[in-house]
Amino acid sequence: MNRRSDSPLAVPTDPSADPTPLHFYRLPLGDVASLPGAMLGARLLTPATLPLPTAAGSPVQPVYAELLTPTAPTLDAWFTPGHVTTSQHGCVHIVSDGHWLHGSARLDPAQSEGGLEHAAWRIYADVFAALAQHTSPHLLRLWNYVPGINDHGDGLEHYRHFNVGRQRAFLDAGRSAFEGSPAACAVGTAGKELQVFFLAGASAPLAIENPRQVSAYHYPTQYGPRSPTFSRAALAGVGGGRRALFISGTASIEGHASMHVGDVRKQTEETLLNITALLDAAQQKAQVSVPIESLSCTVYLRHREDLPAVLDVLHQRLGPHSHAVRTAVVLLADICRADLLVEIEAHAIVPVEGGQ
């Protein structure tokens, strides 16, 4: 696989109408010095099962999930041509250029009174307090890495504890925990800490839902006392006459039911059907055309032995030489439901139709 994915710098013709352009790069760790602009933040993906944490104030933070492919440490990095400043708000580290904002936080639930539920609430409460003080208050995309996501404690699955704490923080801050909530993923890792990464901007994104699925925030109570807080996708302007479509973690779910239990190939195919449905919904709702082959994909896989089967499906469905396959990364991670074997999140940055 080609490990680099980037967006060429573009200068907006009318800076007052179009914000400083935001750029995404997926590349080997050693190549970061060659990039133009300033780094807002990055997730370090590494083949090591438990990478050593970097300094809390660093814009590069490791994800506690083993990188299966590619085999070299890889960065998912967000860059801006503008000047950046850093700040700390509670447990949240912020980097901002005045329009775009990237943040990261991590807490050990074992060290938090109230466990995982309280740790989730605390991180999100600090996120919202930080955003309230910045000119970039609108969440565009969140990445949540939950320790032992399918384990149980105090009579409830960890993921359900996480959802209770997350939703409570949204409601406490007066944020929409239902329609209009940001795009997100939540997967389980081998680390001890709850990790949250997020990207925010000066303008609110447009939420996109999947007609094949019940919206996650409308799930019935069989999935927990509080529903998950995310939209299936979100569309946001990212400057330079471009928009980004952020696709949340997507799995083999139709309606609200898990499909093809025990069959990783069929689960991967069902996941791609759901991503295709989201792309169609974005086209219908916002006239945004994104070929599935052009996505930058992150694949989360429960069992490492399923890697060849999943890659084979991606090759067959998307083409072995497509951007989506060449730049994909695969991480070993547990999915939010114990009967799900694979999850895919993705994004694409595309020109605004008729834009400059």
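This structure is a prediction, so every number in the text was calculated from the model and none was measured.

Next up on the list: the pairing of strand β11 (residues 183–189). When you tally the buried positions in β11, you get seven out of seven residues, the bulk of the element. Side chains Ala-183, Cys-185, Val-187 and Thr-189 of β11 all project onto a buried face; the interleaved residues Ala-184, Ala-186 and Gly-188 project onto the opposite face, where all are buried too. Sheet topology note: the strand β8 (residues 138–147)/β11 ladder contains seven bridges and is parallel. Across the sheet, residue Trp-143 finds its bridge partner in β11, namely Cys-185.

This brings us to empty space enclosed by the protein. All told, the structure shown has one cavity of 30 Å³ or more when counted by the stated rule. Reported here for the largest cavity is a volume of approximately 50 Å³. Together, Phe-24, Arg-26, Arg-43, Asp-76, Trp-143, Ser-296, Thr-298, Glu-345, Ala-346 and His-347 line the largest cavity. At the level of secondary structure, the elements contributing two or more residues to the lining of the largest cavity comprise β1 (23–28), β18 (296–301) and β20 (342–351). Ranked by the residues each element gives to the lining of the largest cavity, the list is headed by β20, at three residues. Each residue belonging to the lining of the largest cavity can be placed in one class, and the counts come to three nonpolar, three polar and four charged.

Evaluated as defined, the whole model comprises 13 salt bridges. Linking Glu-345 and Arg-43 is a salt bridge whose minimum nitrogen-to-oxygen distance equals 4.0 Å. With a gap of 302 residues between them, Glu-345 in strand β20 and Arg-43 in strand β2 (residues 38–46) connect regions that are remote in the sequence. Both residues of the pair, Glu-345 and Arg-43, count as buried. Between Arg-304 and Glu-66 there is a salt bridge, with the nearest N and O atoms lying 2.7 Å from each other.

Across the protein chain, the average pLDDT comes to 92, with 94% of residues at 70 or higher. This model gives residues 1–16 a pLDDT under 50, and the stretch forms 44 contacts once residues within four places in sequence are excluded.

What follows is about the environment of Ser-252. Locating Ser-252 in the fold gives a position in the loop between β15 (242–250) and β16 (253–254). When residues no more than four places from it in sequence are discounted, the contact partners of Ser-252 are Ala-257, Ser-258, Met-259, His-260, Gln-267, Glu-270, Thr-271 and Leu-340.

Cut-offs applied
Residues numbered from 1 in each chain as written. Predicted model: local features only at pLDDT ≥ 70, side-chain atom pairs only at ≥ 80, totals over all residues. Heavy atoms only, no water. Buried < 20%, exposed > 50% of the residue type's maximum accessible area, 1.4 Å probe, protein only. Helix = DSSP H or I, 4+ residues; strand = E, 2+ residues; numbered from the N terminus. Pairing = 2+ DSSP bridges. 1 Å grid on protein atoms, 1.4 Å probe; cavity = no way out; pocket = protein on both sides within 12 Å on 5 of 7 lines; lining within 4 Å. Points joined across faces, edges and corners; volume = space filled by probe spheres on them. Nonpolar A, V, L, I, M, F, W, Y, C, P; charged D, E, K, R; others polar. Salt bridge = Lys/Arg side-chain N within 4 Å of Asp/Glu carboxyl O. pLDDT = per-residue confidence, 0-100. Contact = heavy atoms within 4.5 Å.

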